[in-house]
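Structural characterization, general
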Amino acid sequence: VPAASGQDVYVVDREDVDASKGYAPLVEEKPKKVAPPPVPAASALPPANTGPSHPPGHVRCVRLGCQRFFDPSNPPPCTYHTKPPVFHETAKWWSCCPHKKAYDWDSFQGVPGCQSGVCTDKREEGTSKAG
């Protein structure tokens, strides 16, 4: 940083200042080498998720805000949103429920749906997951 007198000015720790000379010696710092973290052995890793996380024969509901797995031969009641979500800066809300804003993911996921029906695995014509 150039000083008003044209000399360079450096900010240093008080311990580095030699009071008898009135200045701190210039010390060139060498980059510190950091060893990479150890890689765990393959036997120490958790098993890979190879199977489905839902019961066989079940499908996921495609309604916005539901996403639960169900048996298509006996669909359960479903509470869902009619319009897609909005993510603006840190706020999250459903387009159909703009007065119910959330600022963290768990609160957003907990906003109850505004429409009732039954779970389905078929998308309505003209709609998509994104809206």
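Here goes a summary of the coordinates provided. (Residues numbered from 1 in each chain as written. Predicted model: local features only at pLDDT ≥ 70, side-chain atom pairs only at ≥ 80, totals over all residues. Heavy atoms only, no water.)

Considering the state of the cysteines
Under the definition given, this model contains 0 disulfides. Take Cys-78: it sits in no disulfide, and the sulfur closest to it among the cysteines is that of Cys-66, at 3.5 Å. Of all cysteine sulfurs in the structure, the one in Cys-96 sits closest to Cys-114, which takes part in no disulfide; the separation is 3.4 Å. (Disulfide = S-S within 2.5 Å.)

A closer look at the pairing of strand β5 (residues 91-94)
Residues Ala-91 and Trp-93 line one face of β5 and the alternating positions Lys-92 and Trp-94 line the opposite face, and both faces are buried. Across 4 bridges, strand β4 (residues 85-88) lies against β5 in antiparallel orientation. What sits directly across from His-88, in β5, is Ala-91. Here β4 folds back onto β5, and the loop between the two strands holds 2 residues, one of which, Glu-89, carries a positive phi near 50°. As judged from the 2 bridges shared by β5 and strand β6 (residues 97-102), these two strands associate in the antiparallel manner. Note on β6: the bridge partner recorded for Lys-92 is Ala-102. (Buried < 20%, exposed > 50% of the residue type's maximum accessible area, 1.4 Å probe, protein only. Helix = DSSP H or I, 4+ residues; strand = E, 2+ residues; numbered from the N terminus. Pairing = 2+ DSSP bridges.)

What about the side chain of Arg-63?
Here Arg-63 shows up in the loop between β1 (59-60) and β2 (69-70). Taking relative accessible area as the criterion, Arg-63 reaches 16% and is therefore assigned buried. A distance of 3.0 Å separates a polar atom in the side chain of Arg-63 from the backbone oxygen of Val-118. Beyond its immediate stretch of four places on either side in the chain, Arg-63 contacts Cys-78, Tyr-80, Val-118, Thr-120 and Glu-124. (Polar contact = N/O pair within 3.5 Å; in protein donor to acceptor, adjacent residues only side chain to side chain. Contact = heavy atoms within 4.5 Å.)

Considering the packing of aromatic side chains
Counting across every chain of the model gives 4 aromatic pairs. Aromatic side chains Phe-87 and Phe-108 sit 5.5 Å apart centroid to centroid with 65° between the ring planes, which places their arrangement in the edge-to-face category. A residue pair is termed long-range when its members are at least 10 positions apart, and Phe-87 in strand β4 and Phe-108 in helix α1 (residues 105-109) qualify at 21 residues. Using a relative accessible area of 49% as the deciding quantity, one classes Phe-87 as partly exposed. Ring geometry for Trp-105 against Phe-108: centres 5.3 Å apart, planes inclined by 45°, an arrangement best described as tilted. With Trp-105 and Phe-108 both in helix α1 and 3 residues apart, the pair spans about one turn of that helix. Joined through ring pairs, the aromatic side chains of Phe-87, Trp-94, Trp-105 and Phe-108 make up one cluster. Arg-63 extends its terminal NZ or CZ atom over the ring of Tyr-80, reaching a point 4.3 Å from the ring centre. (Phe/Tyr/Trp six-rings, centres within 6.5 Å; stacked < 30°, edge-to-face > 60°. Lys NZ or Arg CZ within 6 Å of the ring centre and 35° of its normal.)

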